[in-house]
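# Architecture and fold: a report
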Amino acid sequence: MARKRFDDSNCSVARALNEVGDWWSLLIVLHAMYGTRRFVDFQQQLGIAKNILCDRLAKLVDNEVLRKVDVGEHGSRFEYRLTEKGRDLFPVVVALRQWGDKWNPSPDGQPLDLRDRDSGQPIQPVTVQNTQGQPLSIRDVFVPSDEDNTLDEAQA
């Protein structure tokens, strides 16, 4: 059974999930962020079947999240590297990891220790912030109606 696609949806979350929404795709992106580049290394580290890995890598390349680079060692050999679009998933992956550490921690209870390369300090939790840098919760935001947008444009 084919999965529903949301290419024409007005919801950007639904459209984004078309590109990276299954768990294998996000895990491949995560491992690419850790520096994994070769098919065999993705397969070994993830324990993923070759046909599924081949499909997900092709999809990520088609969606320009990864690019396939011929490194030409000993004949045809390829690596998969993050594009700018793929690197822009970094805060998404970190936020998902932080959420998982809070709500579904690893059996040993130790979250991944991510640190700033320059200072060596732990990274701060990913948050949604207002224009002054103050954290916002879901209760602090709203989606303006079309009428509100029309009024804003008329006042500009």
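Residues numbered from 1 in each chain as written. Predicted model: local features only at pLDDT ≥ 70, side-chain atom pairs only at ≥ 80, totals over all residues. Heavy atoms only, no water.

With that settled, consider the overall build of the protein chain. A tally of helices and strands in the protein chain yields 7 helices and 4 strands. From first element to last, N terminus to C terminus, the protein chain shows the α and β order α-α-α-α-β-β-α-α-β-β-α. Out of the 156 residues in the protein chain, the part that is buried amounts to 22%. The long-range share in the protein chain, meaning contacts at least 24 apart out of those at least 6 apart in sequence, stands at 40%. (Helix = DSSP H or I, 4+ residues; strand = E, 2+ residues; numbered from the N terminus. Buried < 20%, exposed > 50% of the residue type's maximum accessible area, 1.4 Å probe, protein only. Contact = heavy atoms within 4.5 Å.)

Along helix 3 (residues 39-46), the residues that are buried comprise Phe-42, Gln-43 and Leu-46. Seen along its axis, helix 3 keeps its buried residues to an arc of 95 degrees; they face one direction. Where helix 3 is buried, its residues meet helix 2 (23-33), helix 4 (50-62) and strand 2 (78-82). (Arc of directions from axis to C-beta.)

The values are spatial; any link to function lies outside them.
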